[in-house]
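This is what each chain is made of:
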Amino acid sequence: MAAGSRLGPRRTGLGSLLDGSHPTSTQEHGSAKLATKHANYASKQSTQERAATAQRLAANLQSQQNFFHRQTAIQESSTKASYLLAFKLAKASKPFSEGEFLKECMVETAGLLCPESKAKFEKISLARRTVTRRVELIDEDIVSELNKKAESFKLYSLALDEINDIKVTAQLLIFIRGINDSFEITEELLSMESLKGKTQGEDLYELVSAVIERMKLPWSKLANVTTDGSPNLTGKNIRLLKRIQDKVKEENPDQDVILLHCIIHQESLCKSVLQLNHVVDPVVKLVNFIRARGLNHRQFITFLEETNADHQDLLYHSRVRWLSLGKVFQRVWELKDEIRSFFNLMGKSEEFPELSDTNWLCDFAFAVDIFSHMNELNVKLQGKDQFAHDMYTNVRAFKSKLVLFSRQMSNKSFAHFPTLAVQKEAARNAKKYCKSLDDLHREFCCRFCDFEKIDKSLQLVSCESAPQELQLELIDLQSDSISKEKFKSLKLNDFYASLNETAFPNLLRTAQKMLVLFGSTYVCEQTFSVMKINKAHHRSKLTDQHLRSVLRIATTKLTPDFDALAKKGDQQHCSH
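Keep in mind the model is a prediction, meaning the values are calculated, not measured.

Chemist: Please explain the overall build of the protein chain as it appears in this structure.
Modeler: Of the regular secondary structure elements, the protein chain holds 28 helices and five strands. Across the protein chain, contacts joining residues at least 24 apart in sequence account for 70% of those joining residues at least 6 apart. As presented, the protein chain carries roughly 30,200 Å² of accessible surface, and 51% of it is formed by carbon and sulfur atoms.

Chemist: Which parts of the structure should I look at to understand the packing of aromatic side chains?
Modeler: By convention here, two paired aromatic rings are described through the distance between centres and the angle between planes. Under the defined criterion, the tally for this structure stands at 17 aromatic pairs. Ring geometry for Phe329 and Phe371: centres 5.3 Å apart, planes at 70°, overall edge-to-face. Residue Phe329 is found in helix H14 (residues 324–334), and its partner Phe371 is found in helix H16 (residues 358–381); the two are separated by 42 residues along the sequence. When its relative accessible area of 0% is taken as the criterion, Phe329 is described as buried. Linked through ring pairs, Phe329, Trp333, Trp360, Phe364 and Phe371 together constitute an aromatic cluster.

Chemist: Which parts of the structure should I look at to understand the nonpolar core?
Modeler: Considering soluble globular proteins, one finds that nonpolar side chains tend to be buried as a cluster. If you look at the biggest cluster of nonpolar residues, it comprises 66 residues, and the most contacted ones within it are Phe329, Phe364, Leu420, Leu440 and Phe444. Those elements giving two or more residues to this core turn out to be strand S5 (258–261), helix H11 (263–269), helix H12 (277–291), H14, helix H15 (336–346), H16, helix H17 (388–410) and helix H19 (430–447). Sort the elements by how many residues they give to this core and H16 lands first, with 13 residues. Leu420 has contacts with Cys362, Ala365, Phe366, Asp369, Met409, Phe414, Ala426 and Tyr433, leaving out every residue within four places of it along the chain. Core analysis: the second largest hydrophobic core is formed by 64 residues, Val135, Leu137, Val208 and Val530 among them.

Chemist: Sorry if this is basic, but what is going on with the pairing of strand S2 (residues 170–179) here?
Modeler: Sheet faces and side chains relate simply in a regular strand, where the side chains alternate between the two faces. Counted residue by residue, S2 has ten buried out of ten residues, so it is predominantly covered. By the alternation rule, side chains of S2 split into Ala170, Leu172, Ile174, Ile176 and Gly178 and Gln171, Leu173, Phe175, Arg177 and Ile179, which are all buried. In terms of strand pairing, strand S1 (residues 155–164) meets S2 through ten bridges, oriented antiparallel. Within the sheet, the bridge partner assigned to Ala159 lies in S2 and is Phe175. Connecting the antiparallel pair S1 and S2 is a turn made up of five residues, with Val168 showing a positive phi of about 60°. Judged from the ten bridges that link them, S2 and strand S3 (residues 185–195) form a sheet pairing that is antiparallel.

Chemist: I would appreciate a short explanation of the state of the cysteines in the present structure.
Modeler: By definition, a disulfide links the sulfur atoms of two cysteine residues through a covalent bond. In this structure the tally under the stated criterion is zero disulfides. In this structure Cys446 is a free cysteine whose sulfur lies 6.7 Å from that of Cys445, the closest cysteine sulfur available.

Rules used in this analysis
- Residues numbered from 1 in each chain as written.
- Predicted model: local features only at pLDDT ≥ 70, side-chain atom pairs only at ≥ 80, totals over all residues.
- Heavy atoms only, no water.
- Helix = DSSP H or I, 4+ residues; strand = E, 2+ residues; numbered from the N terminus.
- Contact = heavy atoms within 4.5 Å.
- Areas by Shrake-Rupley, 256 points an atom, 1.4 Å probe, with all protein chains shown as cover.
- Phe/Tyr/Trp six-rings, centres within 6.5 Å; stacked < 30°, edge-to-face > 60°.
- Buried < 20%, exposed > 50% of the residue type's maximum accessible area, 1.4 Å probe, protein only.
- Core = buried A, V, L, I, M, F, W, Y, C linked by side-chain atoms within 4.5 Å.
- Pairing = 2+ DSSP bridges.
- Disulfide = S-S within 2.5 Å.

Here is the structure:
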């Protein structure tokens, strides 16, 4: 190789191969191999031929490396697809074992639509154990992302609710709602904790405390706790909420935790003062008579078809569903003539004499209308990411409507009770219905006293009724025409984020506290529905850990980092 030293300055890469300069380590390896393994062959080559041979060997090596890189990329893509599909399965509350069926469908479809890519689909790991491990890792990734977001929370709130699963294990759901300096709101499942023994307030506090400590959430930033009002959660002294209040005061004496009773639950409880059991019980009885017996149900559907009725069936009433009673009443009322004819045909009319009682039908009509109004309110209160002040505004509006209804009915005007208006007995019973409306109004005023206490802060509109520390800032804000335009065009949290912190420090601090409140435990109730789908009779062996992972994935708005998960690879050699 002495001749090589006369070719000029040392160079590397492709240039060294083209101009015959000093070879790189790969080329040196090729030249050395020629010199040792093929000495006779190498000695017969000129300098240019040896350079060409080295270049060919380097190209072969690069080709092999590219092949391995492609295989690695394909493997990473397959792994990412596996994570993505596992996420979709959990999001849709599907059993982990359905991954194998999903893969079978994809492979068969690929064989028909893109046979050249069928092998790629076959490499996607979706065995039950693989999907299980994927779900665990996705859960960990979401928790990690939530932890990062929680570090920037200025304040946070908790929504708590408890229910027994199919194995009679008490499951406590803990949702968190946090807000940062930019008024970005994060609402996620913080944890699901299982209670194998007692479910008293002390036991619940220990679980909640452990979760807060594990997630490194400062107690001093806890602004609100909302529950469904169960004794375990709301009892005084040693109960959960009292312990939480004491802990926050210990960490931050200036912080007052706002304790709220789910606004939807309170609205539902208000129905009891209407004293309409004499209407509800017969309606539920006749629905069950028709729906719960297969033969009766089939005959009733056939009867409706033959009579060209407006509806094809009755609805079931479920006590755990907020809207079901109002919808059932509306449907039964619209089908009452067909139901009466059907019972006459079946010889069962004597078991339901109410259908021929004009006074009962008048009460039934009143119930249909008032439940319809309450259902309208209930729909407004439901949904995720609702602000507490918007929810309470709807409640205050409904209380005003009740006053209007009572005043009009005392004058025998039924403008907002169309079903009742056509009943001959309506005017005679108007006084009784006025009393029911007054009782309902009084119950609403009593039930929502926890929201009434913070109503001034919730509104943040009237300068005179606002807390003193906010009055001057509110005047400045309301006098600013630019801020008025922003208020009209931006979402509420974006509007507050646009304000100058130096000019409105107290207003922004109060706004953060009001916007972070949980007005209801709706997110918990929705998650309980998901829990019942996932931990049912045919999936009763699902562990608490995996149930928690599935619930987190099913409810999250965060997006897992699938690229990072795929690059980590499958450390436990998941089966294919």
